[in-house]
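# Fold and geometry: a report
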Amino acid sequence: MPALICGSLAFDTIATFPGRFADQILPDHIHILNTSFLVPSLRREFGGCAGNIAYSLKKLGGEPLPMATVGADGDVYLARLRELGIDTRHVALLPECYSAQCHITTDRDNNQITAFHPGAMEHAVRLVIPNPRGDIAIGIIAPDGRDAMLRHAEQMAEAGIPFVFDPGQGLPLFNGDELRHFVELATWVAVNDYEGRMLCDRTGADLATLSRSHLKGLVVTLGHEGCDVWVDGEVTRVTGVQAEAVVDPTGCGDAFRAALLYGLERGWDLVRCVELGNRVGAIKIAAAGTQNHALDPVALGLGAA
C-alpha cells in the first residue's frame, strides 16, 4: 500500500567556486560587502525532502505518494516523477509562483553560501488529506511550509494514518507546545542528533521519556556512527555501514527515511528498519546529488520482503 509523503519538492542549483571565500571577503569591509564568484562548475538537481524520499522509496520497491506543491517551473519535476512511476495525484502545480529553489555555492574548503527561496512550498497548506484514507498504509511529515506541517500532521492523525514525524531543518520553526503536539499526533519520530537535542530542549522531555509515551519508537541518526533506536525508554545502538566513497552527504537523511518507511509499512521491527536505512544511506553518500543513486532491492535482500 502507498506511503503518503508530505514535504517539499525543490530544485537545487549547485555551483563550485575553485577558490576560497575567505580570500574574496574582506572582514574589515563586511558592512559594505559587494562581491561575486566565478563558478565554472554548475549543476541543477531535483531535490526537496518529499521528492528525495519518494525517489529512494520507489527504487526500493515501495509505493510513494508525495503530497507537495511546485510552481510554474514545476512541469519538468512532475514529468520526472511520472517517468519514475511515482503517483503525482497529490502534487499541485501553482502557476502564480516558482517552485522552491536552493542555490548553493561551495568553495574549495567546502564552505557554503546558500540562498533558499520557498516559493510554492509556502502554499502547501492548501493541500488537504482526505478523511478517511484506508488506501494509505503509512505517512511521514517531512520538512515543508510551517503551516502545512502543522495542518497535515493533524489531518493525517484524523484520517487514522500512522506517521513518522521528521521535522528536519524545519524544527526551529516550532515552539515547545507545537512540538509536543506533533509528538502526540505521531506514531514514530525521526531526528538527527542535533535535532534530537533541540526537540528535548523545547519540549522539556528527554529521549527516554518521549519514547515511553504512546510512540512506537524514536530514531536518532548519528551520521557514520549509525543510529540510536529508542523504544519504551530503552535505547539500542545500530552501528553504521561503511560507505564505498564519501561523495555527497546531501540527501542521505531522506534516503534513510525512505528505507524506514519501506520497513515500517511491512511491519518490520524498528531496528531492522534502521539497519536497512543505514545501508541505503551509505549507498546514497557515494553518489552526487540527492536522486542519482541506484538501489538494487535484490542485493539489499528485499526480494522476499
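Residues numbered from 1 in each chain as written. Predicted model: local features only at pLDDT ≥ 70, side-chain atom pairs only at ≥ 80, totals over all residues. Heavy atoms only, no water.

## Topic: the UniProt feature "domain: Carbohydrate kinase PfkB" (unreviewed entry) in the protein chain
Note the threshold: UniProt positions are given in the numbering used here, feature names are shortened, and annotations may be inferred rather than shown by experiment. The way it works is that DSSP assigns letters per residue, a run of H or I at least four long becomes a helix, a run of E at least two long becomes a strand, and they are numbered from the N terminus.
As recorded in UniProt, the sites labelled "domain: Carbohydrate kinase PfkB" (unreviewed entry) are residues 34-292. Between the C-alpha atoms that bound residues 34-292 the distance is 35 Å, and the span itself is 34% helix and 23% strand.

## Observations concerning the packing of aromatic side chains
To keep it simple, the criterion reads: The rule is short: rings of Phe, Tyr and Trp, with Trp giving its six-membered ring, pair when the centres are within 6.5 Å, and they are stacked under 30 degrees, edge-to-face over 60, tilted in between. Residue burial is assigned from relative accessible area. The probe radius is 1.4 Å, only protein chains are included, and a residue is buried under 20% of its type maximum, exposed over 50%, and partly exposed in between.
Summed over the entire model, instances satisfying the criterion amount to nine aromatic pairs. Between the aromatic rings of Phe-11 and Tyr-77, the centroid separation amounts to 5.6 Å while the plane-to-plane angle is 50 degrees, which identifies the pairing as tilted. Placement of Phe-11 in strand S2 (residues 10-16) and of Tyr-77 in helix H3 (residues 75-83) is noted, with a sequence separation of 66 residues between them. Assessed through its relative accessible area of 2%, Phe-11 is described here as buried.

## Observations concerning the side chain of Gln-101
Where we set the bar: Here a polar contact means two N or O atoms within 3.5 Å. Within protein one must be a hydrogen donor candidate and the other an acceptor candidate, and residues neighboring in sequence count only if both atoms are side-chain atoms. The contact rule is simple, with two residues in contact once any of their heavy atoms fall within 4.5 Å.
Tracing the sequence through the fold places Gln-101 in strand S6 (residues 100-106). The buried category is assigned to Gln-101, whose relative accessible area is 9%. Among the polar contacts listed, one links the side chain of Gln-101 to the backbone oxygen of Ser-99, at a separation of 3.1 Å. Apart from the residues lying within four places of it in its own chain, the contact partners of Gln-101 are Phe-11, Arg-44, Asp-73, Ala-115, Phe-116 and His-117.

## Looking at the sheet that holds strand S4 (residues 64-70)
Quick reminder of the rule: One bridge is not enough; two strands pair if DSSP finds at least two bridges between them. Throughout, an axis means a line fitted to C-alpha atoms (over the contacting stretch in the case of helices), and angles, computed between N-to-C directions, take values from 0 to 180 degrees.
Pairing is mixed in the open sheet, where nine strands are placed in the order S5-S4-S1-S8-S9-S10-S11-S12-S13. Since the sheet does not close on itself, it has two edges, and those belong to strand S5 (91-93) and strand S13 (234-239), each with one partner. The mean angle between the axes of side-by-side strands here comes to 20 degrees, regardless of whether they run parallel or antiparallel. Where strand S11 (residues 217-221) and strand S12 (residues 226-231) come together, four bridges link them in antiparallel fashion. In the sheet register, Val-219 faces S12, and the bridge partner there is Val-229.

## Section: the packing of helix H5 (residues 176-185) against helix H6 (residues 193-203)
Packed helices, taken two at a time, are described by the angle their axes make and the gap between the axes. Convention followed: Geometric relationships in this document are graded by angle, where less than 35 degrees denotes roughly parallel, more than 145 denotes roughly antiparallel, 65 to 115 denotes roughly perpendicular, and other angles denote oblique. By definition, any crossing whose near helix is turned counterclockwise from its far helix by less than a right angle is left-handed, and any crossing with a clockwise turn is right-handed. The classification used treats Ala, Val, Leu, Ile, Met, Phe, Trp, Tyr, Cys and Pro as nonpolar, Asp, Glu, Lys and Arg as charged, and all other residues, Gly among them, as polar.
At a closest axis distance of 8 Å, the pairing of H5 and H6 adopts a crossing angle of 110 degrees. By the criterion of interaxial angle, the relationship of H5 to H6 is roughly perpendicular. For the element pair H5 and H6, the recorded crossing hand is left-handed. Between H5, through Gly-176, Leu-179 and Arg-180, and H6, the contact on the second element is made entirely by Leu-199, Arg-202 and Thr-203. Here the contact of H5 with H6 is built from residues that sort into two nonpolar, two polar and two charged.

## Structural notes on the packing of helix H4 (residues 146-158) against H5
Their axes nearest at 9 Å, the elements H4 and H5 cross at an angle of 30 degrees. Taken together, the axis directions place H4 and H5 in an arrangement best described as roughly parallel. Here H4 and H5 pass one another in a crossing that is left-handed. Residues Arg-146, Met-149, Leu-150, Ala-153, Glu-154 and Ala-157 of H4 pack against Glu-178, His-181, Phe-182 and Leu-185 of H5.

## Things to note about the environment of Ala-245
When you line up the elements, Ala-245 lands in the loop between S13 and helix H8 (252-265). Considering only alpha carbons, one finds Ala-245 and Ala-153, 92 residues apart in sequence, at a separation of 36 Å. Among residues more than four places away in sequence, those in contact with Ala-245 are Ile-285 and Ala-286.

## Structural notes on the pairing of S2
Burial analysis of S2 places six of its seven residues in the buried class, the great majority of the element. With seven bridges connecting them, S2 and S6 associate as parallel partners. In the strand pairing of S6, Thr-16 is matched with Thr-106.

## Looking at the pattern of salt bridges
Basically, it comes down to this: We define a salt bridge as a side-chain nitrogen of Lys or Arg found within 4 Å of a carboxyl oxygen belonging to Asp or Glu.
A complete count under the given rule lists 12 salt bridges for this structure. With a shortest N-O distance of 2.8 Å, Asp-166 and Arg-257 are connected by a salt bridge. Of this pair, Asp-166 sits in the loop between strand S9 (163-165) and H5 while Arg-257 sits in helix H8, and the two are 91 residues apart along the sequence. Like Arg-257, Asp-166 is buried. Taking the shortest distance from any N to any O, the salt bridge between Asp-177 and Arg-180 comes out at 2.4 Å. A residue pair is termed a helical-turn pair when its members lie 3 or 4 positions apart in one helix, as Asp-177 and Arg-180 do in helix H5 at three residues. Exposure remark for Asp-177: the relative accessible area of 54% places this residue in the exposed category. One continuous salt-bridge network, built from bridges that share partners, spans Arg-43, Glu-45 and Asp-248.

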